[in-house]
Structures are given as structure tokens and as C-alpha cells.
Amino acid sequence: MSKRCCDHCHLEYDESILLKDLSFGQSPKYFCCKGCQGVYHLLKSEGLDSFYAKMGDTTLEPPTDAREDSGTFDLDGFISKYVKKCDGLSEIYLVIEGIHCSACVWLNEKVLSKKEGIVEVVINHTNSKAKVVWDMQTIKLSQIIETIRSIGYNAYPYDPSIQEDRANAVRKEYYAKLLVGVFATMNIMWIAIAQYEGYFSGMRQDIKNILNFAEFVLATPVLFYTGSVYFKGAYFALKNRFVSMDVLVASGASLAYAFSVYAMLSKNAEVYFDSVAMIVTFVFAGKYLEVLGRKKAVDVMDSFSSTMPLEATLVKGYEKVLVPVESLHVDDILEVKAGEQVVVDGEIISAEGFFDTSKLSGESKPIYKSVGDKILSGYISLDSVLRYKALSDFSSSTFSKIVSLLSTSMDKKPFIEKMANTISGYFSLVVLGLALLTFIGWFIGFGSFEKALIVAISVIVIACPCALGLATPVATVVGIGSAVKQGILFKEASFLETMAKCDTLILDKTGTITQGKPTVLFSQYFDGFEPSLLYALVANSTHPISKGVALYMRENFNNEIKNISLESVKSIDSRGVEARYKGARLLGGNLKLMQSSGVVFEEEVVSEDMTLFFFAINAKLVAVFGLQDSLRDGAKETIEALKKMGLDIVMLTGDILHVAQDIAQKVGIKRFEYSLLPSDKAEYIDKLRDDGKKIVMVGDGINDVLALSKSEVAIAMGSGTDVAVNVSDVVIGGDSFFALYEAFFISKKVYRIIRENIAFSVVYNTIMIPLAMFGFIMPLFAALSMSLSSLVVVVNSMRIGSIRKIKKG
Amino acid sequence: MDVWVVAMMLGVSILLGALGLVGLLWGLKNGQFDDREKFLNGTSFDSEEALNDAISMEKKKDKILEEKRKTGYRPPD
């Protein structure tokens, strides 16, 4: 049978199952489904079919029909939450699902801009976020979203936090400042080369004046535009009565600048504009990198609360009404459908089913709850419609509590004091004091104001924060760079230093040490097993176990799987799936399902640490699969290596004792705590911190977020939830566990280099400052030694880049 | 070498560089680099049609605002 691409989504299928459409002249078009056909017809009739030429070889997802009712988008509560009004027009931010290529962006923008009433559409390709401005009286929000859906995409709103906008604005501003700084510094450098050269070979004073003036013109914006952050920082520091690095940079750079202006005008000394520009720009580059990764606390809150439903189904007698969650009371009877989230804590009063509790406990294994059991807000019903009685109102429900706990703990994140900052504080004070002493000494001793000023300034210029100021930023920049090569992202440079000082490592189990996805570990087949049938059956279910089996089937029977459509597929509450195929009855699920359907077992199959999945055809067992959550690659070796580094390792999990024990044993962790709720994990961390421990926490799920925000350094595995990634300080990309070891290794190394750099600059200063104070330093020598000292720091820091990699295996 | 030659060369080259910098900063402020992908792919979809669309959209906005002013519409807040 020949393969052919669907003319809309470009996915490849067997020609036999494609829909043939002859309505476009002689050459027939083929579609994989009605959805694709519908979109194709629509685009053709709107004259937008140039989309297909634009999209090239990209494939799309076929549009799905089943969507929740778009009517909810017109509810007042919804509009007041997401829509912003400005001069009579409404503005909303949407996330558009299904954008694959720039042609998709083009198509969406085009279709929306054609609609009456929509006046502005900007879609960001990189993050699929769209800003739409429209007139509420001409077109409704639901119509806009329907339009997007009609062409095969889906859209849902998101709350653009002001915080995010502000963070972006700051980032832009810093980028502009950095550009100015780099531009001016680069230009000053080549002018400076001419000046140094002229110092040796001689240069006419008039030409020198011009070079000085050019440097002055270039250095001025660097100091006052790029360097404005230091002045602000210094102002705040002095106002709050402490001396910071900013004070030193600001005073050093502006004094050197003032001296250079004086030298330029008086024509009897060397100018230091190049040092001014260098110091400001280099230290600024470090600051810019920090701003780039700055955390967005409000963003986290947004992604958290956006998973919270706005409305709940309230059951009143025989009636069901949708009410806003805020208006729920204790003892209300509520209904939750499959796939929906429980909104308030409650007790089940009818039906039974499996719940996905991963938001709270992080466990992938769904738990079974029946009448009389307590369920918590944040649970998601997987397979059945249940009614439950509210035991709390919305604001006191577990999930809301976690959200509010999180928002408070986010502001109180512990920070270890930075070594460079503390030292530089004292250092700046000492240098400024010495400069003042020098000035007074020379003024009294020799009575010359000018000479005293030049010497005093040369003390500051010599001691200028170059080496000390660069000690930390250069080392961390190199450290961050080499971390990125290993797939580790440090959101702020300072976390490298903080991490090196931590002594306790806390690991979450599910999704961190293990993969969080159950995989098939053993399988057993009996007569009559048909892979295609099983695959078709499990592909119909979204249950993690079914997904695990489906994945296993694809990996092992890919060639044998044929496309089969089953009849009357139904998922049996909390037990499995059932379907019919040509009269045969297919059953897939747990032991309970098999027993209740009278499936004959030829031998007993029991397993303690694995979840079993049975597959039966016509009440005859044909296959058994054992599934287990597997360890991440290299978990054991990495933990071994981390232990050798001297870290205390603790595992925290929401899972039950024997699973926790099993995993802890496998990876060699001695201390572990089990059956913990998110708040318990956070409390555990608080307790450790009270004992004086400094903690690195590694987690991945929403359930870890609270604990992550409590620890000194929070690390998220990259495959984790957005919330965890947002709240954490370090993100480890990919699935490799080795990266965790590398992150520690790099941070320790950076910390050592920083100490070396600081030690060097302290030694340098203790030798050079006395010399400068007694007026022995010639202008050229001052400039050269300063450059040399920075060079030593930079070269020393470069050594971080050459880390050896951990031996794998 | 004449002082003025040096001055002019320095001045002109710094000025030219500064012009480029100002252009870059202007683009940055305008949000032209906010979306990297779109920026890179922008050339393939840039056409007269796109320009017309942008203009018609602006006209649509003006018209709606104009009507609102005429009918004495006040935003509810």
C-alpha cells in the first residue's frame, strides 16, 4: 500500500485510510480526517491557501473536534480576569497551541486581522504568545477563539503579569546599556593603543589632546549611562549605611573620570578614560548576565493559579449549575468529571475512581478513591464522574493554601552572604580612607593642592576595583558558560558561589531520581496475542499505565502494529479499558478488572513492587505486563560521586514506605523520608536549616515548588513542570543525572577560583597602594599594572573552562 | 600629519559607528528584536500585501475609535 501525505497537516498515512476529496478540479486532494479537510476548505475559500506554500515541509497536528465550550470565555469572571480595557478597546494575551512554523504565525495573524472588530494582532513566534486588541461591541472573545480553532489551532488566555513586562523592560534597558558600553569601550581601546604607543615614541601635545578629547567623548556615556546603575546602587547603599561593591565601582570610576578630565584640561598628566570605560563595562556585563536570568516570582504564581479552575459544577437537587469557585461553601455538593480538577477539599459521596495526585504528591501512580474517602483540591479525576461534598471553601482549600504559602516564602528565600561583597565592602572603605589620608598628608607635607590631589587619585586608580571587581564576575561568567555546555543553566551568577557553600542535597524521588513515567519491565505473552489489538486499545487511554504499555508496544512491535479502529471503546472506572473488535471482546486493565470479567488465569501472576497490566481477548488472558518507574540514567553513580564530595544526601518523597525504601536502596541513599505532603517537605527543609545546614534541593513537580522555594539553591530537572523550572535557581536540561554532579563540580571550582582571584587582588593592593601613597607610581606604570592585574584575574578564571568531565558509567 | 586630519578621521569614524549604534538602539526600543524567530523569518513573508494588511488594520482601529467618540462611548471603568 502506498503512503501519502494529508494535504493539510502533511503527516504521512496509508493511502487507503485517507479521505479523497474531488471538489478541487481534476487532481484529488487527500485528508487524514474531517478536521484537516474542513480547515483546507476554509483556507481555500478565504483565499489563504498560499499558507501551504509558505509552510514548506513542516507538519501540523490534525485539528481536534472535542473542545470545551468556548462560551465560558464570555463569562464576566473570565473577562475581568484576563481582559484589559484601554480606551474602549479590549486587550488580551493568548497562548496559541499548535504553532509550528512561521507560516502558522502568518496564517493566524492573517485570519484574525481579517475579522471585523479586531484591530491588532501580534503573535510571538518564539513563545507562541499572542496579543489581540479588539472591540468588544463588534466581536466577542469567544468568536475570536472559535476563529483560531476553526483553522486548526487552539488558544487559551494567560495573564501577562506586569512583573514579566517589567522584567522584560529591565532586560531591554540593560541590553541597551551594555551595547553602549561595549561600543564605547571598544573604540576607546583603539585610541588608547595610539596613546600608549605615543607614550614611548613621543607624540605631539596637540594630537594627544585630540585623542584625549575623543576618549572623553566616548567615556562620558559609558560612565553616566551604562554606569548609572552603580550610582543608583551606591546611593541606596550609602543611604542604608553600608558600603557595597557599587560604591567602590562608582567612586573609583567617577574619580578616575574626574581626574582624567582634569588631566585633559591641564595637559600635564595622563588620562585614564580607558580604565573608566573598561571597569564600568566589564562589571556591567556581569550584572547584565544576572538580569538575563532574573527570576519572575509573579510569573510562577501565574502559572500556578492558571491551572486552577475558575468555576465548579454545583449540584442543587436535580440541577447542575456552574458557579465561580469563590462562591462555594462548606457542605455544597459538587461534581467533577473525568479530566477535571477537584476545586476544594471534599469527601466523595458517589462513585469511585482514580485520581492523578501529581500536583500535590508528585507521584505518577494514580490513587484510587471511593465513597467516604477524602479528596484534596488539586487532584485530577482520571476516569470517572464523581460527586463530592465540600469540606472547605475555596480560600482554605489545600491547593489555595499552597499558593499563598508559596507567595510568602518566595520573598523570604534564604541567601548566603557573598564573600566578594563582604570583602569589597571593607576594602572600599579602607581604600577611600587611605586616599583621604594621602591627600591630607601630601597637602600638609608639601602644601601643593594639585600634587596632593593627583597622588590621592592615583591611590584610588591603582586600587581601583579592577582586580577585585572582576574577581567574581569573570569567574562566574566563565563558570556559567561551561555549565551551559553541559546543559546546566544557572539563573543567577551568584548561585554558583552559593551552591559551593551548601552541604546538604535533598532529592525528590519521582521525576528526579526516577523518570516519573512507568515503563514495562517484564512482559509475558500467551497464545492468541495480537499486538495491533492491544496497541489500539491502550492508545485510547490517557492513563500513565496505558501510556507506558503503548510506548512499549511501539518500541517492540512497531512493524506488526496495524491501524485498527475498535468499536465501543469505554474506559471502566479505575480499572482499565474495554472495547470490541469484530465481535471479540478486548479487555485491558488491572487484576480486579480481570477477576470481575471472569478471565481465566492459567497461572498465578503476582508482583509486589510492580504494577501489573493484563490483556485479555474473549475472557482469555493473552498478555501480562509489569510496569515500574525506572531510575534515571546514572542516578546511582552520580549520587556516589556527590557523596564523595562530602554532601549529605536526603531523599524526600510523597510515596509510600516500601517504594521509597526500594529506590533509596538502589541508588545508595541512607536517609529518606516518605509519605510527605508538599508542606511537609518544606517543613523538613526548615528544620534542617534551623540546624545550620545549607540546602540544595532538586525537584521537578508542582509538589516540590514549596520546598524548592525554601532552599538556598533550588535545582529543577529540565523536564519538570514549568512552575518548578520558574521557581528554581538552576535548571538542568535533558534527562541526564550526571549534570547534577557537574553542576556541583563547576560551582566548587568557581568558588575556588573566586577565592584565588580575591587573594591575588588583596596581595596586589597591599603592595601597590603603599607605593601609590608615597607617590612612586608613574602614570604609565599605574595604567599598566592595573591592566596586568585584571589580566591575571581573567586568565586565572579561564581555567574553569577546562574542567575534566565525569567518567560515565 | 595635520591635527585636523586626525580630528576629522576620529570624528567621522566615531560618528558613523554611533549612527549604527543609535539605529540598533532604536530597533531595540521598537521591539523589532523581541521575537527572534519572527524577525529572521520576516523577510519571507514581507510583501506589499502585508503592508496593505497593516494599513487596513490601522484604518479599522481608527474607524472604531471614531465611532466610539461619536456615540459618546465611555469605558465602563
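Up top you'll find the structure we're talking about.
Residues numbered from 1 in each chain as written. Chains lettered and ligands numbered in written order. Predicted model: local features only at pLDDT ≥ 70, side-chain atom pairs only at ≥ 80, totals over all residues. Heavy atoms only, no water.

Asker: Mind laying out the overall build of chain B, listing which residues take part and the relevant values?
Answerer: Along chain B, the regular secondary structure elements total three helices and zero strands. When the elements of chain B are put in sequence order from the N terminus, they spell out α-α-α. Split into buried and exposed, the 77 residues of chain B put 19% on the buried side. Carbon and sulfur atoms provide 62% of the accessible area of chain B, an area that totals close to 6,000 Å². (Helix = DSSP H or I, 4+ residues; strand = E, 2+ residues; numbered from the N terminus. Buried < 20%, exposed > 50% of the residue type's maximum accessible area, 1.4 Å probe, protein only. Areas by Shrake-Rupley, 256 points an atom, 1.4 Å probe, with all protein chains shown as cover.)

Asker: So what's going on with the sheet that holds strand S10 (residues 311–316) of chain A? Which residues, and what values?
Answerer: Across a sheet, paired strands are connected by hydrogen bonds in the backbone, their directions being either parallel or antiparallel. Residues and elements named next belong to chain A. The strand order across the open sheet formed by six strands is S11-S10-S12-S18-S13-S16, and the pairing between neighbours is antiparallel. Strand pairing shows two members of the sheet lacking a second neighbour, strand S11 (319–324) and strand S16 (374–375), which therefore form its edges. By the bridge criterion, four bridges tie strand S13 (residues 346–350) to strand S18 (residues 386–390) in an arrangement that is antiparallel. Residue pairing across strands places Gly346 opposite Ala390, the latter belonging to S18. (Pairing = 2+ DSSP bridges.)

Asker: Which residues make up the packing of helix H4 (residues 102–114) of chain A against helix H5 (residues 141–150) of chain A, and what values do they have?
Answerer: Residue and element names in this part refer to chain A. Running from N to C, H4 and H5 point in directions that differ by 140 degrees, and their axes come no closer than 10 Å. Regarding the angle of H4 to H5, the classification is oblique. Viewed along their axes, H4 and H5 form a crossing whose handedness is right-handed. Contacts from Asn108, Val111 and Leu112 in H4 reach Ile144, Thr147 and Ile148 in H5. Class assignment for the residues of the contact of H4 with H5 results in four nonpolar, two polar and no charged. (Axes fitted to C-alpha atoms, helices over the stretch in contact; angles between N-to-C directions. Parallel < 35°, antiparallel > 145°, perpendicular 65-115°, else oblique. Left-handed = near helix turned anticlockwise from the far one by under 90°. Contact = heavy atoms within 4.5 Å. Nonpolar A, V, L, I, M, F, W, Y, C, P; charged D, E, K, R; others polar.)

Asker: Explain helix H1 (residues 34–46) of chain A residue by residue, including any values.
Answerer: All names here are of chain A. With 13 residues, H1 should reach 18 Å at 1.5 Å per residue; the first-to-last C-alpha distance of 18 Å fits that figure. Buried within H1 we find Gly35, Cys36, Gln37, Val39, Tyr40 and Leu43. At its buried positions, H1 is contacted by strand S3 (19–21), strand S4 (29–31), helix H2 (50–55), H4 and H5. Gly47 occupies a position one or two residues after H1 and carries a positive phi of about 75 degrees. (Expected span 1.5 Å × (residues − 1).)

Asker: Which residues make up a nonpolar patch on the surface, and what values go with them?
Answerer: Residue and element names in this part refer to chain A. A cluster of nonpolar residues, Leu436, Ile440, Phe443, Ile444 and Phe449, forms a patch on the protein surface that exposes about 520 Å² of accessible area. With four residues, helix H14 (residues 419–446) is the largest single contributor of residues to the nonpolar patch. By relative accessible area, Ile444 is classed as exposed at 66%. (Patch = residues over 30% accessible without salt bridge, like charges linked within 9 Å, V, L, I, M, F, W, Y side chains within 5 Å. Salt bridge = Lys/Arg side-chain N within 4 Å of Asp/Glu carboxyl O.)

Asker: Provide a residue-level description of the packing of aromatic side chains, including the pertinent values.
Answerer: Aromatic ring pairs are described here by two measures, namely the spacing of the ring centres and the angle between the planes. Residues and elements named next belong to chain A. One pass over the structure, following the stated rule, counts 21 aromatic pairs over all chains. Judged by centre distance (6.0 Å) and plane angle (75 degrees), the rings of Tyr525 and Phe625 are edge-to-face. With Tyr525 in strand S21 (residues 514–525) and Phe625 in strand S26 (residues 620–631), this residue pair connects regions lying 100 residues apart in the sequence. The ring of Tyr225 carries the charged tip of Lys177 above its face, separated from the ring centre by 5.6 Å. (Phe/Tyr/Trp six-rings, centres within 6.5 Å; stacked < 30°, edge-to-face > 60°. Lys NZ or Arg CZ within 6 Å of the ring centre and 35° of its normal.)

Asker: Please provide a residue-by-residue account of the interface of chain B and chain A, values included.
Answerer: Frequently, the measure chosen for interface size is the accessible area removed from exposure when the parts meet. The interface is formed by 32 residues belonging to chain B together with 41 residues belonging to chain A. Buried area between chain B and chain A, summed over both chains or domains, comes out near 3,200 Å², and the portion from carbon and sulfur atoms is 67%. Linking Glu120 of chain A and Lys61 of chain B is a salt bridge whose minimum nitrogen-to-oxygen distance equals 3.9 Å. Counting every contact that joins chain B to chain A gives five residue pairs in polar contact (both at pLDDT 80 or more). Here the side of chain B that touches chain A gets 13 residues from one element, more than from any other, and that element is helix H1 (residues 3–29) of chain B. Partitioning the side of chain B that touches chain A into residue classes produces 17 nonpolar, four polar and eleven charged. (Buried area = accessible area lost by both parts, 1.4 Å probe. Polar contact = N/O pair within 3.5 Å; in protein donor to acceptor, adjacent residues only side chain to side chain.)

Asker: I'd like a rundown of the sheet that holds strand S14 (residues 353–356) of chain A, residues and numbers included.
Answerer: Residue and element names in this part refer to chain A. The strand order S15-S14-S17 describes an open sheet built from three strands, whose pairing is antiparallel. Both edges of this open sheet fall to strand S15 (367–369) and strand S17 (380–381), since each of them pairs with a single strand only. With two bridges connecting them, S14 and S17 associate as antiparallel partners. Looking across to S17, one finds that Phe355 is bridged to Ser381.

Asker: Give me the lowdown on the pairing of strand S24 (residues 584–589) of chain A, citing residues and values where you can.
Answerer: Residue and element names in this part refer to chain A. The buried count for S24 comes to five of six residues, which makes it a mostly enclosed element. Relative to S24, strand S23 (residues 576–581) runs antiparallel, the two sharing six bridges. Pairing of Glu578 across the sheet is with Leu587, part of S24. Hairpin connection between S23 and S24: a loop of two residues separates the two successive antiparallel strands, and Lys582 in this loop has a positive phi of roughly 45 degrees. Alignment of S24 against strand S25 (residues 611–617), held across four bridges, turns out to be antiparallel. From the neighbouring strand, Leu586 faces S25, where its bridge partner is Ile617.

Coordinates in, geometry out; function isn't part of it.
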